[in-house]
Amino acid sequence: MKNKPCAFCGSTEEDNPRTKGHVLQRSMYPEVGAESVQRITVPECARCSILWKDAEDNFRSLMALCATEGNQHAAAQWDGPIRRAHGREEDGHQRMYELLKWVVKKQTSEGEESKLYPGSIENIHIVVRKMVRGLCHWHKLGTQVKDHQALVLGQFENQPPADAKAVEFNHMPGVFRYSYFQRHLETDVFHVTCLLTFYEAVSFISLVSAPRVKGFADLPL
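What counts as what
Residues numbered from 1 in each chain as written. Predicted model: local features only at pLDDT ≥ 70, side-chain atom pairs only at ≥ 80, totals over all residues. Heavy atoms only, no water. 1 Å grid on protein atoms, 1.4 Å probe; cavity = no way out; pocket = protein on both sides within 12 Å on 5 of 7 lines; lining within 4 Å. Points joined across faces, edges and corners; volume = space filled by probe spheres on them. Helix = DSSP H or I, 4+ residues; strand = E, 2+ residues; numbered from the N terminus. Nonpolar A, V, L, I, M, F, W, Y, C, P; charged D, E, K, R; others polar. Buried < 20%, exposed > 50% of the residue type's maximum accessible area, 1.4 Å probe, protein only. Pairing = 2+ DSSP bridges. Core = buried A, V, L, I, M, F, W, Y, C linked by side-chain atoms within 4.5 Å. Contact = heavy atoms within 4.5 Å. Axes fitted to C-alpha atoms, helices over the stretch in contact; angles between N-to-C directions. Parallel < 35°, antiparallel > 145°, perpendicular 65-115°, else oblique. Left-handed = near helix turned anticlockwise from the far one by under 90°.

> Would you take a moment to explain the layout of surface pockets for this structure?
Think of a ball as big as a water molecule: rolled over the atoms, this probe shows where empty space is left. Put simply, the largest pocket is a space of about 370 Å³. For the largest pocket, the lining is made up of 18 residues, of which Q25, R26, S27, E56 and D57 are closest to its centre. The set of elements that each furnish at least two residues to the lining of the largest pocket consists of β1 (18-22), α1 (46-67) and α2 (72-86). Top element by residues in the lining of the largest pocket is α1. It accounts for 5 residues. Here the lining of the largest pocket is built from residues that sort into 3 nonpolar, 5 polar and 10 charged. Here the second largest pocket is characterised by a volume of approximately 250 Å³. Around the second largest pocket sit 13 residues that line it, and L65, C66, A67, S114 and L116 are the ones nearest its centre.

> What is the right way to look at the pairing of strand β8 (residues 189-198) in this model?
Of all the 10 residues making up β8, 9 are buried; the element is thus mostly covered by neighbouring parts of the structure. Pairing between β8 and strand β9 (residues 202-211): 10 bridges, direction antiparallel. The partner of V189 across the bridge, within β9, is P211. Connecting the antiparallel pair β8 and β9 is a turn made up of 3 residues, with Y199 showing a positive phi of about 55°.

> I'm lost on the nonpolar core in this one. Help?
Buried together is how nonpolar side chains tend to be arranged in soluble globular proteins. Residues L196, F198 and V208 are the most contacted members of the largest nonpolar core, which totals 53 residues. Elements that contribute at least two residues to this core include exactly β2 (41-45), α1, α2, α4 (122-138), β5 (150-155), β7 (176-185), β8 and β9.

> Is there a simple way to explain the side chain of R129 in this structure?
Structurally, R129 can be placed in helix α4. Discounting residues that sit within four places of it in the chain, R129 has contacts with E122, D147, A150 and V152.

> What am I meant to see in the environment of G174 here?
Tracing the backbone shows G174 in the loop between β6 (167-172) and β7. When the C-alpha atoms of G174 and Q72 are compared, they prove to be 8.1 Å apart, with 102 residues separating the residues in sequence. When neighbours within four sequence positions are excluded, G174 is seen to be in contact with N71, H73, Y199 and E200.

> I would appreciate a short explanation of the environment of L116 in the present structure.
When you line up the elements, L116 lands in strand β4 (residues 111-116). On the basis of relative accessible area, L116 is assigned to the buried category, the value being 17%. The spacing of L116 and L65 is 51 residues in sequence and 8.4 Å in space, taken between C-alpha atoms. Residues contacting L116, with those up to four places away along its chain left out, are L62, L65, C66, W102, V103 and I121.

> Would you take a moment to explain the packing of α1 against helix α3 (residues 92-100) for this structure?
When two helices pack together, their arrangement is given by the angle between the helix axes and the distance between those axes. Axis separation between α1 and α3 bottoms out at 10 Å; the angle between their running directions is 55°. Accordingly, the angle class assigned to the pair α1 and α3 is oblique. Considering the relative orientation of α1 and α3, their crossing is right-handed. In this structure, α1 uses D57, N58, S61, L62 and L65 to contact α3, whose residues at the interface are R95, E98 and L99.

> Where do I start with the packing of α1 against α2 in this structure?
For the pair α1 and α2, the least separation of the axes is 9 Å and the interaxial angle reads 140°. Looking at the two axes, α1 sits oblique to α2. α2 is crossed by α1, and the crossing has left-handed handedness. Together, R60, S61, A64, L65 and A67 of α1 and A74, Q77, W78, P81, I82 and H86 of α2 make up the contact between the two elements. A per-class count over the contact of α1 with α2 returns 7 nonpolar, 3 polar and 1 charged.

Structure below.
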């Protein structure tokens, strides 16, 4: 992919090399059982990859924490690679702090309760926007979608709207599934709504409105 424009910014500069960027970050795939899953990859330049690197480090832990009690994949991530990362001497305590600072504790009639609200965390939004932009390229809906052209609307029920003619993909059962539908067509702009669900526990809706890039063919409706 080194000779292709970056799917996110369109860069073709020689001093800004492109590599195979994973739309669903590699760390989200299970350590066992994902060998046959085709990874969703797009050209990604060095400058863009830096923008969401730190956010992706938090993303897996936050998504797994939301689902450890009801999802075997999330529990395996938490008890395996996430726990190992938190145990590293050089940055383990910092990683744990970055995670636990988002846990909100409040008193209820049954005692103290801990809650996590991923829809309010900007690092989560950064990763979701990056994924939606990558999926637009992967499905040839549009390319070089800028970050501000993808709006994340927080957490929603993990089903598309009833009246949507959605295209659905169960990419990694129990880990990640998504759907999208085009809201309406214009000659120079495309409009897409995406629904992303992680560990069957947390879902986000994102709205994309971006100019069409000349020569980048759209898929039929």
